[in-house]
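A closer look at the structure
Here is what each chain is made of, one letter per residue.
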Amino acid sequence: MGVSDTVPEPGLPDRAVLQAQLVQEIECHLPTHAVLYQVEDTTAYECDGLSVYRERPLLVALPEDEAQVAAVLKICHHHGVPVVARGAGTGLSGGAMPHRMGVTLSLAKFNKILKLDARSRTALVQCGVRNLAISEAAAPLGLYYAPDPSSQIACTIGGNVAENSGGVHCLKYGLTLHNVQKVRGLTIEGEVVEFGSDALDTPGYDLLSVLVGSEGMLAVILEVTVKLIPKPQLARCMMASFDDIRKAGDAVAAVIAAGIIPAGLEMMDKPMTAAVENFVHAGYDLDAAAILLCESDGSVEEVAEEIVRMCAVLQQSGATAIAVSQTEAERLRFWSGRKNAFPATGRISPDYMCMDSTIPRKRLADMLLAIIQMEQKYQLRCVNVFHAGDGNLHPLILFDANDPEQLRRCEQFGADILETSVAMGGTITGEHGVGIEKLNSMCVQFSAEENAQMSGVKCAFDPSGLLNPGKVIPTLHRCAEYGKMLVRAGQIKHPELPRF
């Protein structure tokens with residue numbers, strides 16, 4: 001067994017000794033190959049999609065069934081060791097970053113679709129099933145799973161539930177919360193808990209709404225029953241160009257004000273369209289200050305009528321050009337640029353930090369103009385793609401993580417975007433979660449009393465404070481055991497960003 005490469009902090013158990021003890025006990029329940037603790041094995045798990053913050057866990061456990069997960073949790077609970085559940089690691093807020101004195105619980109092997117029910121239009125899947133795999137499996141039944149994050153080819157349904165993920169079609173079909181019927185999981189003590197119901201209504205408190213979006217702080221998700229919907233008869237995508245950012249932002253509000261709820265309504269600014277066009281050749285208008293992608297789906301008649309109505313609204317709002325997909329291949333090509341916005345950005349910058357906030361639709365242009373001013377203030381570039389229909393922003397700040405000064409300015413830039421979003425009547429997160437990235441901004445969004453209430457919910461589910469500690473809730477507040485554990489583990493070391 002390898003010896004830890006870090007020096008133990010005063011008051012903390014020796015890392016190597018604790019690691020050896022955990023490995024010995026967990027290997028009594030998991031195969032040896034499913035317990036990783038050497039540096040070269042755990043390095044791959046040191047971060048999620050927010051790669052500028054990294055930490056190696058004591059070990060990584062890769063259980064294959066519920067009994068093994070329960071065993072790991074019981075061992076960790078007994079020793080007071082933190083547990084961070086991990087899916088595909090595509091999250092963008094540091095929610096799956098390991099705890100240096102804890103166990104990372106990888107659920108990648110929970111990748112089976114257990115049941116497809118065409119009558120109830122549901123699918124029972126394990127937490128490690130990829131988002132897109134659900135729709136692929138349901139396709140022969142004429143059904144699909146609506147939430148479609150840009151990372152849907154890789155991200156897992158368990159992670160989607162943890163973050164309440166959305167996607168380009170969430171405007172019409174809702175977020176993960178609206179498309180999940182039941183969740184089965186385990187508490188930190190290894191006890192089975194179920195949220196939601198197979199019935200249309202659930203007796204008692206609606207705890208499913210508490211679990212979805214809880215970022216792994218309340219329970220470890222193992223199985224999810226998702227709702228499936230019929231594939232629309234037809235879908236068409238419109239690409240509208242605008243020579244002015246404000247016109248594009250106002251057009252979004254005008255479409256919704258006209259009583260039209262498109263299947264998708266996305267906005268991209270000129271720097272972003274240039275990045276993705278060079279990457280996927282989607283046919284975007286590179287001269288436009290901003291473009292909107294508007295999708296209509298339904299019956300042939302419904303789509304035809306809605307396209308006419310949307311065209312009229314967009315033209316009245318000042319669109320300089322409108323293109324409507326004529327084939328399914330062309331529709332997918334229009335969306336390919338939006339779906340590849342993040343990898344395209346990775347080609348033009350050493351690093352980027354993807355922000356995630358929401359604002360009222362009518363303030364989209366105000367926010368874009370504010371971000372342009374921030375680019376000058378922080379001397380960093382920013383490319384923008386928005387789930388414009390529901391006001392969910394994804395500014396991508398470009399920087400070089402090898403330059404500490406750029407990282408510092410990037411963090412300040414991101415915090416400024418979040419604070420501005422709140423000032424405009426919005427929120428600090430839409431679908432990426434808080435994780436470690438937005439801890440400070442939680443104090444901008446919520447009062448000390450509100451954060452204390454959230455801490456109380458955490459304590460009701462996890463009184464020992466061992467599930468994904470140091471994330472989401474920025475202060476200790478009212479849970480004595482949780483607070484003692486954080487202090488004992490030396491969680492908060494940096495005045496600007498808690499590191500652990």
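The coordinates are above.
Everything numeric here is computed off the predicted structure, so don't read it as measured data.

Details of the pattern of salt bridges
Counted by the stated rule, this structure contains 22 salt bridges. With its nearest N and O atoms 3.6 Å apart, the salt bridge here joins R333 to E330. Of this pair, R333 and E330 both sit in helix α11 (residues 328–339), three residues apart, which is roughly one turn of the helix. With a closest N to O distance of 3.5 Å, K377 and D416 form a salt bridge. Of this pair, K377 sits in helix α13 (residues 364–378) while D416 is found in helix α14 (residues 404–423), placing the two residues 39 residues apart along the sequence. The exposure class assigned to K377 is exposed, which follows from its relative accessible area of 57%.

Quick notes on unusual backbone geometry
At N164, a residue that is not glycine, the phi angle is positive and equals roughly 55°. Within the secondary structure, N164 sits in the loop between α5 (157–163) and α6 (170–173). Since its relative accessible area comes to 15%, N164 is described here as buried. In this structure, V472 takes a positive phi of about 70° despite not being glycine. Mapped onto the fold, V472 is located in the loop between α16 (448–461) and α17 (480–488). Judged by its relative accessible area of 11%, V472 is buried.

Structural notes on empty space enclosed by the protein
As enumerated under the stated definition, the model contains two cavities of 30 Å³ or more in all. Approximately 30 Å³ is the volume found for the second largest cavity. The wall of the second largest cavity is formed by G167, V168, C170, L171, L265, E266, H387, G389 and D390. Looking at the lining of the second largest cavity, the elements that each hand over two or more residues are α6 and β13 (264–269). Of the residues belonging to the lining of the second largest cavity, the class tally is four nonpolar, three polar and two charged.

Let's talk about the packing of aromatic side chains
For the structure shown, the criterion picks out three aromatic pairs. Seen from their ring centres, F342 and Y352 are 6.3 Å apart, and the 45° between their planes marks the pair as tilted. One end of the pair, F342, is in helix α12 (residues 341–346); the other, Y352, is in strand β16 (residues 351–354), and 10 residues separate them in sequence. Classification of F342 as buried rests on a relative accessible area of 14%. According to the relative accessible area criterion, Y352 is partly exposed, its value standing at 25%.

Some thoughts on α14
The terminal C-alpha atoms of α14 lie 29 Å apart, and with 20 residues this matches the ideal 28 Å at 1.5 Å per residue to within 8%. Of all the positions in α14, only Q406, L407, R409, C410, F413, G414, D416, I417, L418, T420 and S421 are classed as buried. The secondary structure elements touched by the buried residues of α14 are β16, β17 (357–358), α13, β18 (382–387), β19 (392–399) and α15 (439–445). For α14, the N-terminal cap is D403; the gap from its side-chain oxygen to the backbone nitrogen of E405 is 3.0 Å.

A closer look at the side chain of R15
Assignment of secondary structure puts R15 in helix α1 (residues 15–26). Exposure remark for R15: the relative accessible area of 6% places this residue in the buried category. Polar contacts involving the side chain of R15 include one to the main-chain carbonyl oxygen of R56, which spans 3.3 Å. In this structure the side chain of R15 is engaged in a polar contact, spanning 3.1 Å, whose partner is the backbone oxygen of P57.

With respect to the layout of surface pockets
In this structure, the largest pocket occupies an estimated 830 Å³ of space. In terms of lining, the largest pocket is formed by 47 residues, of which the most central are T90, G91, C155, G159 and E163. Where the lining of the largest pocket is concerned, the elements lending two or more residues are β3 (83–86), α5, β10 (220–227), α11 and α12. Of the residues in the lining of the largest pocket, the class split is 18 nonpolar, 21 polar and eight charged. Here the second largest pocket is characterised by a volume of approximately 670 Å³. Lining the second largest pocket are 24 residues, and of these Y144, H169, E328, R331 and L332 sit closest to its centre.

Rules behind the numbers
Residues numbered from 1 in each chain as written. Predicted model: local features only at pLDDT ≥ 70, side-chain atom pairs only at ≥ 80, totals over all residues. Heavy atoms only, no water. Salt bridge = Lys/Arg side-chain N within 4 Å of Asp/Glu carboxyl O. Helix = DSSP H or I, 4+ residues; strand = E, 2+ residues; numbered from the N terminus. Buried < 20%, exposed > 50% of the residue type's maximum accessible area, 1.4 Å probe, protein only. 1 Å grid on protein atoms, 1.4 Å probe; cavity = no way out; pocket = protein on both sides within 12 Å on 5 of 7 lines; lining within 4 Å. Points joined across faces, edges and corners; volume = space filled by probe spheres on them. Nonpolar A, V, L, I, M, F, W, Y, C, P; charged D, E, K, R; others polar. Phe/Tyr/Trp six-rings, centres within 6.5 Å; stacked < 30°, edge-to-face > 60°. Expected span 1.5 Å × (residues − 1). Contact = heavy atoms within 4.5 Å. Polar contact = N/O pair within 3.5 Å; in protein donor to acceptor, adjacent residues only side chain to side chain.

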